[in-house]
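This is what each chain is made of:
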Amino acid sequence: MKINRKGMLLIVSGPSGVGKGTLVEILRKYDPNFKLSCSVTTRDPRPGEIDGVHYHFITDAEYDRMLAEDAFLEHAVVHDNRYGTLRKPVEEMLEEGKNVILEIDPQGAIAVMENPNVGPYVSVFILPPSYALLEKRLTARKTDQPEVIRRRMKNARIELAKLDRYQYAIVNDKIDVAFDQLLNIIKAEKQRTIRYMPEIPED
Ligand code: 5GP
């Protein structure tokens with residue numbers, strides 16, 4: 001029986017501060033065939049962030065040019081910064097049989113899921129154990145002003161209301177439990193019938 005060698009497109013989304021980055025990092029270490037799509041952004045690099053690794057840090061003019069060239073699989077403004085997933089590297093990696101992770105915000109995730117030109121995907125929404133705990137985590141990060149946190153919490157309310165657009169949900173209370181649940185989803189998805197191409201002998 002032949003197996004469809006195309007990679008899996010894994011969309012991991014959820015509100016800011018929910019811990020999707022940590023989950024993705026653990027998955028990449030666990031299975032190096034999962035590659036993270038390196039997005040472009042117009043925001044400034046944070047200390048320790050490397051251009052071409054964490055993001056491609058670009059100017060607004062470069063972003064506008066990429067938009068005009070239709071280079072993005074999806075793009076969104078998240079908390080006043082512009083982000084985009086580059087279409088070409090994602091398609092190439094999938095063709096090469098690599099699994100590609102899109103760790104993107106819910107606007108971008110829904111755009112990918114609603115795009116009729118996108119092939120099969122697996123979409124996972126990461127939920128906080130509670131709305132109050134999400135606020136606590138954002139406050140504990142100490143990276144945002146109270147006004148920014150308020151805006152993120154308002155966005156979270158809108159994002160949580162769209163949970164039913166996703167195939168799977170994981171509550172990120174304990175990271176090892178959440179990762180185990182993510183692995184279970186991946187294991188089941190690998191057995192989907194679409195990944196097999198039966199060779200039926202002539203009668
Ligand atoms: P940060 O600036 O903290 O790295 O990311 C802010 C938010 O933007 C996170 O929710 C992250 O998942 C999201 N994000 C990162 N890259 C992309 C992208 O290419 N597209 C979209 N739509 N969101 C992104």
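Preceding block: the structure.
Residues numbered from 1 in each chain as written. Predicted model: local features only at pLDDT ≥ 70, side-chain atom pairs only at ≥ 80, totals over all residues. Heavy atoms only, no water.

1. A short note on the layout of surface pockets
Then, number 1: When its volume is computed, the second largest pocket comes out at roughly 410 Å³.
Then, number 2: Looking at the second largest pocket, it is lined by 23 residues, and the ones nearest its centre are Lys 6, Leu 9, Leu 94, Gly 119 and Pro 120.
Then, number 3: Considering every element that reaches the lining of the second largest pocket, the biggest residue donor is helix 3 (residues 87-95), with five residues.
Then, number 4: Across the lining of the second largest pocket, the residue classes break down as 10 nonpolar, six polar and seven charged. (1 Å grid on protein atoms, 1.4 Å probe; cavity = no way out; pocket = protein on both sides within 12 Å on 5 of 7 lines; lining within 4 Å. Points joined across faces, edges and corners; volume = space filled by probe spheres on them. Helix = DSSP H or I, 4+ residues; strand = E, 2+ residues; numbered from the N terminus. Nonpolar A, V, L, I, M, F, W, Y, C, P; charged D, E, K, R; others polar.)

2. Things to note about the nonpolar core
Within soluble globular proteins, side chains that are nonpolar tend to cluster in buried spots.
Then, number 1: In this structure, Leu 10, Leu 27 and Val 124 are the most contacted members of the largest nonpolar core, which totals 24 residues.
Then, number 2: Elements represented by at least two residues in this core include exactly strand 2 (9-13), helix 1 (20-30), strand 9 (122-127), helix 5 (131-140), helix 6 (146-160) and helix 7 (175-190).
Then, number 3: Among the elements that take part in this core, helix 7 stands out by supplying six residues, more than any other.
Then, number 4: Not counting chain neighbours up to four residues away, the residues in contact with Val 124 comprise Leu 10, Ile 11, Val 12, Ser 13, Tyr 166, Tyr 168, Ile 170, Leu 182 and Ile 185.
Then, number 5: Ile 11, Leu 94, Leu 102 and Val 112 belong to the second largest nonpolar core, which has 17 residues in total. (Core = buried A, V, L, I, M, F, W, Y, C linked by side-chain atoms within 4.5 Å. Buried < 20%, exposed > 50% of the residue type's maximum accessible area, 1.4 Å probe, protein only. Contact = heavy atoms within 4.5 Å.)

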